[in-house]
Structures are given as C-alpha cells and as structure tokens.
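Residue-level listing of the chains:
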Amino acid sequence: DLWILSKFNRLILDIDKDYKNYKLNDVIKKIYNFIWKDFCDWYIEFSKSRFYGTDENDKAVAQKVCLHVLETILKLMHPYCPFITEEIWSHSNKNEMLINASWPKSNKNMVDVKIENELSIIMNLISSIRNIKANFGISPKKEIELICKVDNSMASVLNNYKSYLERLVKVT
C-alpha cells in the first residue's frame, strides 16, 4: 500500500509541475503509465490475495487504498475524458459531480524512494523469473527453488517481499 501511495503522490507532484509548464502531453502519458504499469499491472496483482483473503482488516485496507487511488485517477483523467470519468464517478455513490470535486493534492511525506526502489527490484525479479520460466517451457504454476547470492541489504529486501515471490512466481 505504501508503494502505490508513494508512486501516486509522486505522479500528482509531477503532473502538477507539467501543468504549470503547459506540458499536457507529458501529463497524459504519465497518467497512462501509472494506470497501466503501476496500478493495474502491479498493485492490483499484489493485492489480489488480500482481496480474496481471510484477514478482513487487511482486505478492508486494500479495498480502501484501491478505491482511493481509483477515484483520484478519475479526477486526474477528467480533463481528458470527462463523459467517461463522470459516468464511472456516478456509480461510486457520490452525491456530487466529478467536475465539482477538488483537484487531488499530493502529500510529499508519502513519497518514499526506498519503498519504490525495493518494489522495483521485486517487480524486475518477478518479470525475470516469469521470462526464464517461459523460455524454458516451465509452467508458471510449477514451484521452483530460488537461490540468490546477494549482500545483506538485498537479502533483507528479498525477505521483506518473500510472500510476493512465493505467490506470484511460485518460488521457495
């Protein structure tokens, strides 16, 4: 959750700066990349087990973070596709119209470079393992043993995100 919130707050900071410099094309590219690469490709995948898990508190947190990010994405996309975003917004039981909603504000304190870097390492590792499995014709569902020769800081990162590796690429 901290990772997606960090990336999201960084996005808002970046696009606010781009708007001030009239770089509208850069704004939409950054929003697009965030939606597809960070939110859809990774955050939702990281959160699936929480959405369907048995820990009700963890499920509620994941759902709230996901809804917050999705609603804010609608606000960011509204200048580019107002009819679509307004329609989606109307289904989230909001009494106000999206056009009247306040523009998202970033929280610089939520930007965490360390978490972003750690998750970047994990995402690259997951992608690499998936590619290796595909190249060798190994089923994505087959468990494999992962042996890494790394320093202590990298070992700590791998241990912290071990559950993602176990669940997403079936490594032990």
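Bear in mind the structure is a predicted one, so any value in this text is a computation, not a measurement. (Residues numbered from 1 in each chain as written. Predicted model: local features only at pLDDT ≥ 70, side-chain atom pairs only at ≥ 80, totals over all residues. Heavy atoms only, no water.)

Undergrad: Can you explain the overall build of the protein? Please cite residues and give values.
TA: Secondary structure summary: the protein contains 7 helices and 0 strands in total. Taken from N to C terminus, the helices and strands of the protein fall in the order α-α-α-α-α-α-α. Taken along its principal axes, the extent of the C-alpha atoms in the protein is 55 × 35 × 30 Å. By residue count, 34% of the 172 residues in the protein fall in the buried class. Taking all contacts inside the protein whose residues are at least 6 apart in sequence as the whole, residues at least 24 apart take part in 70%. Total accessible area on the protein is roughly 11,100 Å²; 55% of this is exposed by carbon and sulfur atoms. (Helix = DSSP H or I, 4+ residues; strand = E, 2+ residues; numbered from the N terminus. Buried < 20%, exposed > 50% of the residue type's maximum accessible area, 1.4 Å probe, protein only. Contact = heavy atoms within 4.5 Å. Areas by Shrake-Rupley, 256 points an atom, 1.4 Å probe, with all protein chains shown as cover.)

Undergrad: Which residues make up the packing of aromatic side chains, and what values do they have?
TA: For the structure shown, the criterion picks out 8 aromatic pairs. For the pair Phe 39 and Tyr 43, a centre-to-centre distance of 6.1 Å together with 15° between the ring planes defines the contact as stacked. Taken together, the residues span about one helical turn, with Phe 39 and Tyr 43 both in helix H2 (residues 24-51) at a distance of 4 residues. The residues Phe 39 and Tyr 43 share a single accessibility class, namely buried. (Phe/Tyr/Trp six-rings, centres within 6.5 Å; stacked < 30°, edge-to-face > 60°.)

Undergrad: Run through the environment of Phe 34, naming residues and quoting values.
TA: Among the secondary structure elements, Phe 34 is positioned in helix H2. Look at Phe 34 and you get buried, because its relative accessible area is 3%. Each C-alpha atom of the pair Phe 34 and Lys 7 lies 8.0 Å from the other, and the pair is 27 residues apart in sequence. With sequence-adjacent residues up to four places away left out, Phe 34 is seen in contact with Ile 4, Lys 7, Phe 8, Leu 11, Phe 39, Val 69 and Ile 73.

Undergrad: Tell me about the pattern of salt bridges, residues and numbers included.
TA: What the rule picks out here adds up to 8 salt bridges. Arg 50 serves as the salt-bridge partner of Asp 1, at 2.7 Å between the closest nitrogen and oxygen. Residue Asp 1 is found in the segment before helix H1 (2-20), and its partner Arg 50 is found in helix H2; the two are separated by 49 residues along the sequence. Judged by its relative accessible area of 15%, Arg 50 falls in the buried class. Between Glu 56 and Lys 59 there is a salt bridge, and its shortest N-O distance comes to 3.7 Å. Highlighted residues: Glu 56 and Lys 59, both in helix H3 (residues 56-77), separated by 3 residues, approximately one helical turn. Assessed through its relative accessible area of 53%, Glu 56 is described here as exposed. Salt bridges here are not isolated pairs; linked through shared partners, they connect Asp 1, Arg 50 and Asp 58. (Salt bridge = Lys/Arg side-chain N within 4 Å of Asp/Glu carboxyl O.)

Undergrad: Can you explain the environment of Val 169? Please cite residues and give values.
TA: Of note, Val 169 is situated in helix H7 (residues 162-169). Taking relative accessible area as the criterion, Val 169 reaches 1% and is therefore assigned buried. For the pair Val 169 and Ile 138, spaced 31 residues apart in sequence, the C-alpha separation works out to 11 Å. Excluding residues that lie within four positions of it along the chain, Val 169 makes contacts with Ile 126, Ile 129, Arg 130, Lys 133 and Tyr 164.

Undergrad: Help me get a handle on the nonpolar core, residues and values and all.
TA: Ranked by size, the top nonpolar core spans 38 residues in total, and within it Trp 3, Ile 4, Phe 34, Phe 46, Val 69 and Ile 126 carry the most contacts. Listing elements by their share of this core, those giving two or more residues are H1, H2, H3, helix H5 (113-135), helix H6 (152-160) and H7. For this core, the leading source of residues is H2, giving 9 residues. Ignoring anything within four residues of it in the chain, the contact list for Ile 4 reads Phe 34, Asp 38, Phe 39, Tyr 43, Val 65 and Val 69. (Core = buried A, V, L, I, M, F, W, Y, C linked by side-chain atoms within 4.5 Å.)

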